[in-house]
Amino acid sequence: MIELADRPIPILLVDDDPERDILARRLQAAEPKYRVEHVLSLADALARLGRGHYDVVLCDYVLGSGDTAVQLVEAVAASGSNSKVVVFSALVEGEDKE
């Protein structure tokens, strides 16, 4: 069993589909210590990462406007952050991304 830290665990969910906010709500419901924030674009994600630390960044591979999770992974790596980035994608459009 994994022991959670004594502090809230900040998670950033990056997904350009506003309907995917259900994933953020499911994560927080599963574990009250998770503090999940959902942003809709690469630009918003980079801005949030510039203002604070997230232990985990969950990112859809395709972010719209030609942006992909690769750019986010590169930015996190270049910043020297110890945030862990998890990239996910649905194989079929409209399927849940879990």
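Residues numbered from 1 in each chain as written. Predicted model: local features only at pLDDT ≥ 70, side-chain atom pairs only at ≥ 80, totals over all residues. Heavy atoms only, no water.

S.K.: What should I look at first to understand the nonpolar core in this one?
M.R.: Leu12, Val14, Val39, Leu42, Ala45, Tyr54, Val57, Cys59, Leu63, Ala69, Leu72 and Val76 together form the largest nonpolar core, which totals twelve residues. At the level of elements, strand 1 (9-14), helix 2 (42-51), strand 3 (56-60) and helix 3 (69-79) are the ones that each hand at least two residues to this core. Broken down by element, this core gets its largest block of residues, three residues, from helix 3. Core analysis: the next-biggest nonpolar cluster, separate from the first, contains eight residues, Ile9, Leu13, Ala24 and Phe88 among them. (Core = buried A, V, L, I, M, F, W, Y, C linked by side-chain atoms within 4.5 Å. Buried < 20%, exposed > 50% of the residue type's maximum accessible area, 1.4 Å probe, protein only. Helix = DSSP H or I, 4+ residues; strand = E, 2+ residues; numbered from the N terminus.)

S.K.: What is the right way to read the pattern of salt bridges from this model?
M.R.: It is possible for side chains bearing opposite charge to pair when their charged atoms get close. The final tally for this structure, using the stated rule, is five salt bridges. A salt bridge links Arg35 to Glu37; the shortest N-O distance between them is 2.6 Å. Taking the shortest distance from any N to any O, the salt bridge between Arg48 and Glu37 comes out at 2.5 Å. Of the two residues, Arg48 sits in helix 2 while Glu37 sits in strand 2 (residues 34-39), which places them eleven residues apart along the sequence. Residues joined by salt bridges that share partners form a network here, namely Arg35, Glu37 and Arg48. (Salt bridge = Lys/Arg side-chain N within 4 Å of Asp/Glu carboxyl O.)

S.K.: Before we go on, may I ask you to explain the environment of Ser65 in this structure?
M.R.: Relative to the elements of secondary structure, Ser65 occurs in the loop between strand 4 (62-64) and strand 5 (67-68). By relative accessible area, which is 79% here, Ser65 ends up exposed. Along the sequence, Ser65 and Asp16 sit 49 residues apart, while their C-alpha atoms lie 9.6 Å from each other.

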